[in-house]
Amino acid sequence: MIKRLMAAVEELWVEYNRHPFIKGLEDGNLDRDKFKYYIIQDYLYLLEYAKVFGIGIAKAKSLDTMRLFASYVHQLTDGEMDLHRGYLGKFGITEQEVAETPRSLDNLSYTSYMLRVAYEEGEAEVVAAILACAYSYEIIARNILKNNPAAIDHPFYGEWIAGYASEEYHQENVILIDLLERLTEQATEAQKQHIIEIFVACSRYEMAFWDLAWNQSK
């Protein structure tokens, strides 16, 4: 299934790596105000993203899948969000200030879509919605290092790149991809096409998120 998903978004994901925000991370010249806006909006995004996993727990048909979704809630709230909290600290921004910040319109639309998928669909569809974000970040970070290995040593952006290019993060994505493969083994062609549509939609939202970060859109 993952091969079909990646084929469906191949051109779009190539464009991620050409985006000026990503190129700014790659060469280390990204305007810090843009990154500050991104970190705040992404922190707000992750709060809703964690809820998608939470709904997945309720949708899980096996104890193993339930445990897996539960583990990712923990990894997000005490792992990935720690990275963001670290950057918020560098900017002198409190979590209370973030909580009082409105989500941008594109952020709100993206998270609303994922939550709708989670509430209305099944396990495989939930994983597809999640994976577009999770896996694309790994691909982006590793492509940055491919183009500029020294980017990981950048005094400000290196931590972000290292986190998403790490082997630990890669293994988390491998688990999600393996789960999706298992969940779609008996899926009909119509169901698989629907899962592809969800993955493509979330990938388009990911591009919109990079745009909002670059433009600091409200």
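Before any of the text, the structure's been laid out above.
Every value quoted in this text rests on a predicted model; they were computed, and no experiment measured them.

Analysis parameters
- Residues numbered from 1 in each chain as written.
- Predicted model: local features only at pLDDT ≥ 70, side-chain atom pairs only at ≥ 80, totals over all residues.
- Heavy atoms only, no water.
- Helix = DSSP H or I, 4+ residues; strand = E, 2+ residues; numbered from the N terminus.
- Contact = heavy atoms within 4.5 Å.
- Salt bridge = Lys/Arg side-chain N within 4 Å of Asp/Glu carboxyl O.
- Buried < 20%, exposed > 50% of the residue type's maximum accessible area, 1.4 Å probe, protein only.
- Core = buried A, V, L, I, M, F, W, Y, C linked by side-chain atoms within 4.5 Å.
- Phe/Tyr/Trp six-rings, centres within 6.5 Å; stacked < 30°, edge-to-face > 60°.
- Lys NZ or Arg CZ within 6 Å of the ring centre and 35° of its normal.

K.L.:
Just checking my understanding: could you explain the environment of Lys59 for this structure?
P.N.:
Along the chain, Lys59 falls in helix α3 (residues 32-59). Sequence separation between Lys59 and Phe69 is 10 residues, and the spatial gap between their C-alpha atoms is 9.9 Å. Non-local contacts of Lys59, meaning those with residues more than four positions away in its chain, are made with Ala118, Tyr119, Glu120, Glu121 and Glu123.

K.L.:
Can you help me understand the pattern of salt bridges in this one?
P.N.:
According to the stated counting rule, one finds 11 salt bridges in the structure shown. Notably, a salt bridge pairs Asp82 with Arg85, separated by 2.7 Å at the nearest N-O pair. Of this pair, Asp82 and Arg85 both sit in helix α4 (residues 63-90), 3 residues apart, which is roughly one turn of the helix. On the basis of relative accessible area, Asp82 is assigned to the partly exposed category, the value being 40%. When its relative accessible area of 24% is taken as the criterion, Arg85 is described as partly exposed. Between Arg142 and Glu167 there is a salt bridge, with its nearest N and O atoms 3.7 Å apart. Separated by 25 residues along the polypeptide, Arg142 in helix α7 (residues 123-147) and Glu167 in helix α9 (residues 167-183) bring together distant segments of the chain. In this structure Arg142 comes out as partly exposed when scored by relative accessible area, which is 32%. Since its relative accessible area comes to 45%, Glu167 is described here as partly exposed. Here the salt bridges do not stand alone but share partners, grouping Glu48, Lys51 and Arg103 into one network.

K.L.:
Quick question: what am I supposed to make of the nonpolar core here?
P.N.:
In globular proteins that are soluble, nonpolar side chains generally tend to be buried together. In this structure, Phe21, Leu25, Phe35, Tyr38, Tyr49, Trp160 and Trp210 are the most contacted members of the largest nonpolar core, which totals 79 residues. Setting aside its immediate chain neighbours within four residues, Phe21 contacts Leu30, Lys34, Phe35, Tyr38, Trp210, Ala213 and Trp214.

K.L.:
Explain the packing of aromatic side chains here, please?
P.N.:
The geometry of an aromatic ring pair is captured by two quantities: the separation of the ring centres and the angle between the planes. Scanning the model with the defined rule gives 30 aromatic pairs in all. Both rings, one in Tyr45 and one in Tyr110, keep their centres 5.0 Å apart while their planes meet at 40 degrees; by these two values the pair is tilted. Of this pair, Tyr45 sits in helix α3 while Tyr110 sits in helix α6 (residues 105-120); the two residues are 65 residues apart in sequence, bridging distant segments of the chain. No difference in accessibility class separates Tyr45 from Tyr110, as the two residues are buried. Taking the ring centre of Tyr87 as reference, the NZ or CZ of Lys90 above it sits at 4.5 Å.

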